[in-house]
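An overview of the molecular structure
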Amino acid sequence: MFYKPTWWKEAVGYQIYLKSFKDSNNDGIGDLNGIREKLPYLKDLGITLIWICPFYKSPMDDNGYDVADFFDIDPSFGTLDDMKLLIKDAHKLGIRIIADFVMNHTSDEHAWFIESRKSKDNPYRDYYIWADGKIVDGVETPPTNWASFFGGSCWKKDILTNQYYMKIFSNKMPDLNYKNPKVRHEMMNVATFWLDLGIDGFRIDAVAHLGRKDELIDSTMDTLGKYKPDWRMFSNLPVIFDYLREFKENVFDKYDIVTIGEVGGGATPEEALRYSNLEAGSLNMVFNFDHCWSNNVWDLNKKEQVVVDLVNLKKNFRKWQYGLYGKAWTPIYWLNHDHPRLISQYGDPNNIYLSGSMLGSSLYFMWGTPFVYQGEEIGMTNYPFRTIDDFNDVQDKNNYYLNDIENSPNKDEYIYLMGIKSRDNARTIMSWDSSKYAGFSNVKPWFNILPNHKEYNVKKALEDEKSIYKHYREIFKLRANPKYKDTLIYGSYKQLLPRHKDVYAYVRIGNKKILTVSNFFNKDVNVSIRGYKVKKVLLSNYDNPNKALTNLTLRPYETITYLVE
Ligand code: BGC
């Protein structure tokens, strides 16, 4: 084994969207004590690492990704003492906790920004990125034509000083200026504060955007619309690696922690290696999104169904599993809080157990550290949004109002299509049981509850003989089993049948060989896999799985994992 064993390579992660996970004090909002209550549940699933979405003091424009005070917990989520208790109890159960470190921006209600906007010579002015507007044909426009991820321009004019501040997300999320060493120093203090409190590392939010093109020049991208989605202007630029090196040397290296950067959609495996290569990377791994959208949801017409493009999905798996193995480490995950639900994206809402368990085996026997997203383990689905009032997400709402959809004849279609992709799908209330408020709270929660929580919930998943939860638990038991660990954690990955349209098959090779074959669709499929002999079936989602790899008929959504030779 050439990978040096570390706890985070062997961990099983679980992402918690705090606001929707579990409300312990009946105010309708999830909180830290709610997580503490559910630690035994997570332990039973096999989880050894929790990533908690931002819990800092925040006006909640973006549900906590807009931080007003990095050194305190938002009162709706609890207190610093609650956090200390959570860390202590989790550690007792062998579960580590990582925080979402929001490095790229603050809230406009953060004390630094309140100062910064006051005057051009304020000592905090340079904590953010300010520029004059441009006069084009006698009309003032923002400093550049770059778009924001959340709609409109990535600049917002502030009348107090008549300049624009950069904000690549919402108007209430001004970008920090990492060129300023004082900002880097302040943010290193933030990281140190949480690590000293006992946090085991960070998922670093939007890390790809910490550097911007030096020259404020317009994008020449040929797209409709005033503002150009030319993310190259502020993504994965070389200067970021200098900043991160400073964080690594001054902070990260002093602790036994894990750091995972979010590099998003644009990054290639080569770029990922710059962040996380084993020799010189500043982070331990990075999240990319390439495998998240291998279907037609972006070009969907209201009358069409969502259809999985398995050949493309497999291509993306090859690109990352082959591209990074031996050179870096990687997380493996199906979705996070910014994506639609897995069952609605790649599975089948009419076959939740079968498709959900199949998707679990297809991903979590691959190489990397698993991250399960809350509710994935019970097959939570997308929400049936009907009107704009059913949405909460600042991104969706901005786009709806900026494009004046309210007055468009295509309003219903827009809502339908936005609902399929919306980040809000991942943020609905966790379905704990079939009661009125889904066992989340005794009062009406802050957000939507899935109508199918009555049939699909944690209580039921624990009672049912077969459930996605139980299937996931078996996967994680196999990953932790000393007999298979060398293969399932550290072994290499080889994809089989790359051009097959219906079947995903791969083998992990370590001191043993473990082969997983999955039928992604609702029909019988016949395949023959040559070159391997079945020794035994390790896991499957049907009774009596076939034990021969030649002329193997897989039933709808059937998945089988074999020990082979
Ligand atoms: C997070 C989003 C958030 C954005 C701004 C991301 O990439 O995952 O949820 O809206 O950063 O903080």
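Residues numbered from 1 in each chain as written. Predicted model: local features only at pLDDT ≥ 70, side-chain atom pairs only at ≥ 80, totals over all residues. Heavy atoms only, no water.

1. Observations regarding the overall build of the protein
Counting its regular elements, the protein contains 16 helices and 22 strands. The C-alpha atoms of the protein give a radius of gyration of 24 Å, which matches the 24 Å a tight globule of 565 residues would have. With the C-alpha coordinates aligned to their principal axes, the bounding extent of the protein is approximately 75 × 60 × 50 Å. Burial status across the protein gives 61% buried among its 565 residues. (Helix = DSSP H or I, 4+ residues; strand = E, 2+ residues; numbered from the N terminus. Rg over C-alpha atoms; globule rule 2.2 N^0.38 Å. Buried < 20%, exposed > 50% of the residue type's maximum accessible area, 1.4 Å probe, protein only.)

2. Structural notes on the sheet that holds strand β18 (residues 513-519)
The strands making up a sheet associate through hydrogen bonds between their backbones, and the pairing can be parallel or antiparallel. Taking strand neighbours across the sheet as the criterion, the 5 strands line up as β16-β17-β18-β22-β20 in an open arrangement whose pairing is antiparallel. Unpaired on one side and paired on the other, β16 (492-496) and β20 (534-540) mark the two borders of the sheet. On average, each strand axis in the sheet is inclined to that of its neighbour by 25°, with strand direction left out of account. Judged from the 6 bridges that link them, β18 and strand β22 (residues 559-564) form a sheet pairing that is antiparallel. (Pairing = 2+ DSSP bridges. Axes fitted to C-alpha atoms, helices over the stretch in contact; angles between N-to-C directions.)

3. A few points about the domain arrangement of the protein
When the parts come together, some accessible area is lost, and that loss is often what is quoted as the size of the interface. For the protein, the assigned domains are domain 1 (13-105 + 181-386 + 428-469), domain 2 (111-166), domain 3 (387-421) and domain 4 (492-564). Averaged C-alpha coordinates put domain 3 and domain 4 at centres separated by 42 Å. (Domains from an automatic or database assignment.)

4. What about helix α15 (residues 468-480)?
Across its 13 residues, α15 extends 18 Å between first and last C-alpha, which sits within 8% of the 18 Å expected from 1.5 Å per residue. Of all 13 residues that make up α15, 10 are buried, and the element is covered over most of its length. Of the residues making up α15, those classed as buried are I468, Y469, K470, H471, Y472, R473, I475, F476, L478 and R479. (Expected span 1.5 Å × (residues − 1).)

5. Some thoughts on the pairing of strand β13 (residues 285-288)
The side chains of a regular strand alternate between both faces of the sheet. Side-chain alternation along β13 places M285 and F287 on one buried face and V286 and N288 on a second face that is also buried. Note: strand β12 (residues 258-264) against β13, 4 bridges, orientation parallel. In the sheet register, E262 faces β13, and the bridge partner there is F287.

6. As for the sheet that holds strand β9 (residues 155-158)
Pairing in this open sheet of 3 strands is antiparallel, and the strands run β6-β10-β9 from one edge to the other. The sheet is open, and its two borders are formed by β6 (130-131) and β9, each paired with just one other strand.

7. Focus: the side chain of E262
Tracing the backbone shows E262 in strand β12. Accessibility expressed as a relative area gives 10% for E262, which makes it buried. A polar atom in the side chain of E262 sits 2.8 Å from the backbone nitrogen of A206. Apart from the residues within four sequence positions on either side, E262 is in contact with R203, I204, D205, A206, V207, A208, F287, F289 and D338. (Polar contact = N/O pair within 3.5 Å; in protein donor to acceptor, adjacent residues only side chain to side chain. Contact = heavy atoms within 4.5 Å.)

8. Overview of the site of the ligand
By nearness alone, 13 residues border the ligand, and D62, D205, E262, H337 and D338 come closest of all. H105 is positioned such that a nitrogen or oxygen atom in its side chain is 2.9 Å from an oxygen atom of the ligand. When its residues are assigned to classes, the shell around the ligand shows 4 nonpolar, 2 polar and 7 charged. (Near = heavy atom within 4 Å. Nonpolar A, V, L, I, M, F, W, Y, C, P; charged D, E, K, R; others polar.)

9. Examining the side chain of E377
If you trace the backbone, E377 turns up in the loop between β15 (369-373) and α12 (394-402). At 2.7 Å, the side chain of E377 and the side chain of Y41 are in polar contact. Contacts of E377, omitting those with residues within four sequence positions, involve Y14, Y41, L45, V372, M430, I468, Y469 and Y472.

10. Re unusual backbone geometry
The phi angle at N26 is positive, at roughly 50°, despite the residue not being glycine. Mapped onto the secondary structure, N26 falls in the loop between α1 (18-21) and α2 (32-37). Positioned with a positive phi, D404 is a non-glycine residue whose angle comes to about 50°. Counting through the fold element by element, D404 comes out in the loop between α12 and α13 (411-421).

11. Description of α12
One turn of an α-helix holds 3.6 residues; hence residues three or four places apart share an orientation. Those residues of α12 that sit buried are V394, Q395, D396 and Y400. Packing partners of the buried residues in α12 comprise α13. Immediately beyond the C-terminal end of α12, within one or two residues, lies D404, with a positive phi of roughly 50°.

12. Brief notes about the pattern of salt bridges
Overall, the coordinates contain 36 salt bridges when judged by the stated rule. The shortest N-O distance in the salt bridge between R203 and D205 comes to 2.7 Å. This pair shows no difference in class: R203 is buried, exactly as D205 is. A salt bridge links D290 to K319; its shortest N-O distance comes to 2.6 Å. Highlighted residues: D290 in the loop between β13 and α9 (310-324) and K319 in helix α9, separated in sequence by 29 residues. By relative accessible area, D290 is classed as buried at 19%. Shared partners join several salt bridges into a network, and the residues in it are D62, D338, D393, R423 and R427. (Salt bridge = Lys/Arg side-chain N within 4 Å of Asp/Glu carboxyl O.)

13. Focus on the packing of aromatic side chains
The full count for this structure, using the stated rule, is 55 aromatic pairs. Their ring planes at 10° and their centres at 5.7 Å tell us that F113 and W130 sit as a pair that is stacked. With F113 in helix α5 (residues 111-116) and W130 in strand β6, this pair connects stretches of sequence that are 17 residues apart. Of the two residues, F113 and W130, neither departs from the other in class, the shared state being buried. Between Y493 and Y506, the ring centres sit 5.5 Å apart and the planes meet at 35°, which makes this aromatic pair tilted. Taken as a pair, Y493 in strand β16 and Y506 in strand β17 (residues 503-509) lie far apart in primary sequence, 13 residues in all. Residues Y493 and Y506 agree in their burial class; the two are buried. Within the aromatic cluster, the residues linked to one another by ring pairs are F55, Y56, F70, F71, W112, Y124, Y127, F193 and W194. Between K9 and the ring centre of W329, over which it is positioned, the NZ or CZ distance is 5.8 Å. (Phe/Tyr/Trp six-rings, centres within 6.5 Å; stacked < 30°, edge-to-face > 60°. Lys NZ or Arg CZ within 6 Å of the ring centre and 35° of its normal.)

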